[in-house]
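Descriptive analysis of the structure
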Amino acid sequence: ASFYLWANGWCGGISPQPVPISATEDRSLLPIGPYIAACLATGEIFKFARLKNYTPSGPVFYSLWHHSTDRTPIVDGPKNIRVSINAALAGVGAVGCACLHTLWACLDITGNIILADSDPEGLDDTNLNRYVLFGVSSLGVQKAAKAAEILFDAPITWRPYNQHFEEITPAPSFVISAVDKNTSRIAIQGHYPARLFSASTSNLRAEVLRCGPPGEGACLACNNPPEQTVSDEQVREEAKKLSEDNLRALAEANGILFGDAQKWIETGKCGTAGESLLPHLRVEVGDHPFAVGFVSVMAGTMLAAEVIKEHLSHETPLFEAAQRGVFQFLRPLARTNRAHLYLRESRCSVCDPSAPAFPIWKRRYETFQL
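Our subject in this report is the structure included herewith.

About the criteria used
- Residues numbered from 1 in each chain as written.
- Predicted model: local features only at pLDDT ≥ 70, side-chain atom pairs only at ≥ 80, totals over all residues.
- Heavy atoms only, no water.
- Pairing = 2+ DSSP bridges.
- Helix = DSSP H or I, 4+ residues; strand = E, 2+ residues; numbered from the N terminus.
- Axes fitted to C-alpha atoms, helices over the stretch in contact; angles between N-to-C directions.
- Parallel < 35°, antiparallel > 145°, perpendicular 65-115°, else oblique.
- Left-handed = near helix turned anticlockwise from the far one by under 90°.
- Contact = heavy atoms within 4.5 Å.
- Nonpolar A, V, L, I, M, F, W, Y, C, P; charged D, E, K, R; others polar.

With that settled, consider the sheet that holds strand β10 (residues 205-210). Strand order in this open sheet of eight strands is β7-β6-β5-β8-β9-β10-β11-β12, and the pairing throughout is mixed. Only two strands of the sheet have a single neighbouring strand rather than two, namely β7 (156-161) and β12 (339-340). As paired elements, strand β5 (residues 83-90) and strand β6 (residues 109-116) share eight bridges and run parallel to each other. Of the residues in β6, the one forming a bridge with I85 is G111.

This is the structure in structure tokens:
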């Protein structure tokens, strides 16, 4: 073997040599360490396949109890846990699926969890490489209801809502955000829940955030500007770059005369052609980040671990002195792969201490009890 996997409790890792069996004494049934190890191993395979100059990472172990990396296994945190979680998960996408999968695999977690996802189209075949709960039988089905059906045998009660989180009343006090749009993050923060955890991915980086404390730590709107809508004119300018063959094929596929399609792209006139082509031509302007399954699984596992730790009431990261945890797979032993202080954005109007809603959030945060 090129490398071996090791996992126990809150820690998982890979090594070019077998890990001595003594390191696995007092074994835990938690899925967190095994999921970390699986993500690290998959990350190495991905880099081997995709990088021109691949260098194996060597032994690397990562613990979600303290968000620490080392070249030897890290033994920390309780081996088994027993908590009751009452919360709402916003977003049953790639990260949300991994979070739910982790909570489901913890044998002694009970409680009630709301699942909110508003995607009216449900699951499509472009999602299957990252949505670890779903298979082909779930295609076309709305995600919240299907996730609750799949996870039925957990001691957790799942309450699915096929709608936006912000439409749920009364608004939950403990919120887990796994949405993938900044506009959705800002909408969730606008409800100022007493406890708010979030996870996201960007290329080969997974991260998790514990929002607050109000006025000090970042909120879910900090450093997350709303997405810019691409104008019709920008779409037409991009369409001018299409080859004649590609444009002809696109026009034929949508029942449009090739001449009408050309006229609309050049002049913006011929509204019927424009109305038919715009949905197929609209693209985001700028960088196009990619998403791969193992990064989503890591982010979801990180998110579930922090939710569990919050319910254990242990002052381990992420806590008020270190609100953000980051793990990037390109260099797994990088010093940045840890928990660190993440202060609010000074220009953020959503968590501005002078804003009318700020005292409400502060009071909820300070008086919240699990």
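What follows deals with the packing of helix α6 (residues 244-253) against helix α7 (residues 258-267). In a packed pair of helices, the relevant descriptors are the angle between the two axes and the axis-to-axis distance. Where α6 contacts α7, the two axes come as close as 9 Å, and the packing angle between them is 115°. In this view, α6 runs roughly perpendicular relative to α7, as classed from their interaxial angle. α7 is crossed by α6, and the crossing has right-handed handedness. Residue-level contacts link E244, L247, R248 and A251 of α6 to F258, A261, Q262 and I265 of α7. When the residues that make up the contact of α6 with α7 are grouped by side-chain class, the tally is five nonpolar, one polar and two charged.

Moving on: the environment of G43. Relative to the helices and strands, G43 is located in helix α1 (residues 32-50). As for G43 and S173, which are separated by 130 residues in sequence, their C-alpha atoms are 35 Å apart. Ignoring sequence-local partners within four residues, the contact set of G43 consists of F294 and F329.

Before going further, it helps to examine the sheet that holds strand β3 (residues 60-63). The strand order across the open sheet built from four strands is β1-β2-β3-β4, with neighbouring strands paired in antiparallel fashion. The open sheet is flanked by β1 (4-8) and β4 (68-70), the only strands paired with a single partner. Strand-to-strand, the axes of this sheet are offset by a mean angle of 15°, without reference to chain direction. The pairing of β1 with strand β2 (residues 11-15) spans five bridges and is classified as antiparallel. What sits directly across from L5, in β2, is I14. Contacts from α1 reach β1, β2 and β3, with the element oriented near 35° to β2.

With that settled, consider unusual backbone geometry. A cis geometry characterises the amide bond from T169 onward to P170, with omega recorded as -5°. Position of P170 among the secondary structure elements: in the loop between β7 and β8 (174-177). Going from G212 to P213, the amide bond is cis rather than trans, its omega being 0°. Take P213: it is sitting in the loop between β10 and α5 (232-239). Positive phi values are uncommon outside glycine, yet H67 reaches one of about 55°. With respect to the helices and strands, H67 occurs in the loop between β3 and β4. In this model, N223 sits at a positive phi of 60°, which is unusual for a non-glycine residue. Residue placement: N223 occurs in the loop between β10 and α5.

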